[in-house]
Amino acid sequence: MAMLGSQPQTHLFADSSKQRKIRILSLLRQRGPMTRAEIARASGIAKSSISVLIDGLLSEGHVHQVRANSGNRSKSVKGRPGDLIEIDPSAGAGIGIEISFGKIIGVIGDVSHEVLASQVIEFEIGATPEQQLKICESLVSELLASTRVTPSRILGIGIGITSAVYKKSGEKFDFAQTPWNEFDIVKKLSEATGFQVHFENSANLAGYAETIWGAGKALDYYLYFKYDRIIDGALIVNQSVVSGTNGGVADFGHLVIDNNGPMCNCGIRGCLTAYAGFESVIKQASLALGYEVTPKAFLDLIKSDNFICKQIQDDCAQRLGQGIGILSRVLNPEAIVVGSSCMTIPPEFIRITTQSFSTYSTNQNEQLRIFNGQLGELATALGAVALVLNYPRIDL
């Protein structure tokens with residue numbers, strides 16, 4: 001079973017100093033600045049060896065030592081701030097991209113986990129994969145130009161697409177009957193930019209980012225719900241995203257909540273996505289208002305307190321809470337984190353979701369918390385950066 005963010009197990013036999021240094025650098029590349037004690041716990045290397053190994057990395061210039069503060073230390077660590085070890089930022093950077101519902105979001109971040117720049121480009125709903133590829137190319141060029149990061153420093157591009165995505169074999173993916181099935185985005189983006197491209201389900205990437213930098217930093221076992229064109233999600237266990245055999249372990253949007261409900265694009269009636277996916281919400285608004293509503297227009301109508309649109313959004317929150325309640329009966333997580341690339345989720349949405357959840361949950365979940373993610377629309381793109389930082393081989 002695939003795990004996004006999992007670390008290699010410690011070998012039973014003692015490994016060399018070089019191998020242990022590489023393990024430390026891989027850990028820092030994945031998680032960002034850490035204290036020596038955190039590195040020892042996460043790497044499985046004895047505390048007695050950590051100082052010697054890190055001192056060696058410091059003298060070789062592979063890492064830097066910085067003072068911890070409220071902005072760079074883990075929220076799960078208690079007590080007086082200590083010194084943090086971070087990988088040398090000049091060692092490289094990654095680019096993360098999400099192709100979302102009507103927008104493409106890009107982030108560039110270095111190996112020390114500093115975000116250097118971000119950008120959002122909107123496009124017309126219905127744009128072809130070829131047109132969206134062109135936007136991705138422009139986005140990469142603009143991110144590089146705005147940060148003055150040279151192409152030689154780029155370790156790769158990570159990309160996520162808002163779609164139900166299942167892994168077939170190797171680097172081939174099934175995009176659940178969407179135009180992306182006939183378009184090899186990984187190959188074409190790599191050819192267009194000259195960089196290695198890595199792909200993962202957008203919700204898995206968002207959950208991964210929230211685990212590293214956001215609302216999931218102090219959580220060991222939780223569900224991430226992504227409210228987007230479709231409803232999707234991620235299952236996080238022991239700070240790692242469990243993607244399953246073919247990437248579909250947290251396909252929450254196809255949870256059937258009413259056998260007599262509206263038809264979903266998967267061919268089954270009553271899926272959560274058919275009720276609460278943002279694309280379905282836009283269609284409901286267009287039908288109720290009598291004219292075609294764009295995602296931006298819907299959000300503007302919400303801001304202006306349009307009764308019909310607010311009622312549709314409230315119904316969506318209620319259905320999402322129903323789905324969370326059903327899943328929590330089976331999975332019993334400690335928390336639910338909700339995020340979106342389409343909109344800033346208001347507190348009222350979380351309140352209605354939580355109220356609905358309580359109707360469908362059981363006593364075993366009465367302590368469960370539902371709250372907003374912290375990374376907003378950048379979550380998937382940030383997770384794509386983290387995906388890149390996990391891939392490159394480290395040589396010393």
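Residues numbered from 1 in each chain as written. Predicted model: local features only at pLDDT ≥ 70, side-chain atom pairs only at ≥ 80, totals over all residues. Heavy atoms only, no water.

**Quick look at the overall build of the protein chain**
Then, in step 1: Scanning the protein chain from terminus to terminus reveals 12 helices and 15 strands.
Then, in step 2: Here the protein chain holds 396 residues, and the buried ones make up 52% of them.
Then, in step 3: Across the protein chain, every contact between residues at least 6 apart in sequence was considered, and the portion connecting residues at least 24 apart equals 64%.
Then, in step 4: Only carbon and sulfur atoms are counted for the fraction: they give 50% of the accessible area of the protein chain, which is about 18,000 Å². (Helix = DSSP H or I, 4+ residues; strand = E, 2+ residues; numbered from the N terminus. Buried < 20%, exposed > 50% of the residue type's maximum accessible area, 1.4 Å probe, protein only. Contact = heavy atoms within 4.5 Å. Areas by Shrake-Rupley, 256 points an atom, 1.4 Å probe, with all protein chains shown as cover.)

**Description of the sheet that holds strand 6 (residues 115-122)**
Then, in step 1: In space, the 5 strands of this open sheet follow the order 6-5-4-7-10, with mixed pairing throughout. Here the strands that pair on one side only, and so sit at the sheet edges, are strand 6 and strand 10 (197-199). Across the sheet, the mean angle from the axis of one strand to that of its neighbour is 20 degrees, orientation sign disregarded.
Then, in step 2: Here strand 4 (residues 93-99) runs beside strand 7 (residues 154-161); their pairing, made up of 7 bridges, is parallel. By the bridge assignment, Ile97 is partnered in strand 7 with Ile159. (Pairing = 2+ DSSP bridges. Axes fitted to C-alpha atoms, helices over the stretch in contact; angles between N-to-C directions.)

**Notes on helix 8 (residues 278-289)**
Then, in step 1: Under the 1.5 Å per step criterion, the end-to-end length of helix 8 is 16 Å for 12 residues, consistent within 8% with the ideal 16 Å.
Then, in step 2: Within helix 8 the residues assigned to the buried category are Phe278, Ser280, Val281, Ile282, Ala285 and Ser286.
Then, in step 3: Where helix 8 is buried, its residues contact strand 11 (221-227), helix 7 (272-276), helix 9 (295-303) and helix 10 (307-331).
Then, in step 4: Among the residues trailing helix 8, Gly290 stands out with phi positive, at a value near 85 degrees. (Expected span 1.5 Å × (residues − 1).)

**A few points about the nonpolar core**
Then, in step 1: Counting residues in hydrophobic clusters, the biggest one holds 40 residues, and the most contacted among them are Phe225, Phe278 and Phe298.
Then, in step 2: Of all the elements in the fold, those that place two or more residues in this core are strand 11, strand 12 (231-237), helix 7, helix 8, helix 9, helix 10, strand 14 (335-339) and helix 11 (347-360).
Then, in step 3: At 7 residues, the largest contribution of residues to this core is made by helix 10.
Then, in step 4: If you look at the next biggest cluster of nonpolar residues, it comprises 38 residues, including Ile45, Ile50, Val63 and Ala335. (Core = buried A, V, L, I, M, F, W, Y, C linked by side-chain atoms within 4.5 Å.)

**Focus on the side chain of Asn201**
Then, in step 1: In this fold, Asn201 is placed in the loop between strand 10 and helix 6 (202-213).
Then, in step 2: Separated by 2.8 Å, the side chain of Asn201 and the backbone nitrogen of Ala203 make a polar contact. (Polar contact = N/O pair within 3.5 Å; in protein donor to acceptor, adjacent residues only side chain to side chain.)

**Structural notes on the packing of aromatic side chains**
Two numbers describe a pair of aromatic rings. These are the distance of the centres and the angle of the planes.
Then, in step 1: Under the counting rule described, the total for this entry stands at 5 aromatic pairs.
Then, in step 2: Seen from their ring centres, Phe101 and Phe278 are 6.0 Å apart, and the 90 degrees between their planes marks the pair as edge-to-face. Of the two residues, Phe101 sits in the loop between strand 4 and strand 5 (103-110) while Phe278 sits in helix 8, which places them 177 residues apart along the sequence.
Then, in step 3: Exposure remark for Phe101: the relative accessible area of 11% places this residue in the buried category.
Then, in step 4: Here Phe278 falls in the buried class, since its relative accessible area comes to 0%.
Then, in step 5: Where Phe278 meets Phe298, the ring centres are 5.9 Å apart and the plane angle is 75 degrees; that geometry is what we call edge-to-face. Here Phe298 lies in helix 9 and Phe278 lies in helix 8, a separation of 20 residues in the sequence.
Then, in step 6: For Lys188, the ring lying beneath its charged end belongs to Phe183, and the centroid distance is 5.3 Å.
Then, in step 7: A cation over a ring is seen here: Arg319 above Tyr275, with NZ or CZ 4.0 Å from the ring centre. (Phe/Tyr/Trp six-rings, centres within 6.5 Å; stacked < 30°, edge-to-face > 60°. Lys NZ or Arg CZ within 6 Å of the ring centre and 35° of its normal.)

**Focus on the pattern of salt bridges**
Then, in step 1: Under the criterion given, the structure shown has 9 salt bridges.
Then, in step 2: A salt bridge links Asp55 to Arg36; its shortest N-O distance comes to 3.4 Å. Highlighted residues: Asp55 in helix 3 (residues 47-60) and Arg36 in helix 2 (residues 36-43), separated in sequence by 19 residues.
Then, in step 3: Under the relative-accessibility criterion, Asp55 is labelled partly exposed at 40%.
Then, in step 4: Since its relative accessible area comes to 24%, Arg36 is described here as partly exposed.
Then, in step 5: Here Lys296 ties to Asp300 by a salt bridge, and the two come within 3.2 Å at their closest N and O atoms. (Salt bridge = Lys/Arg side-chain N within 4 Å of Asp/Glu carboxyl O.)

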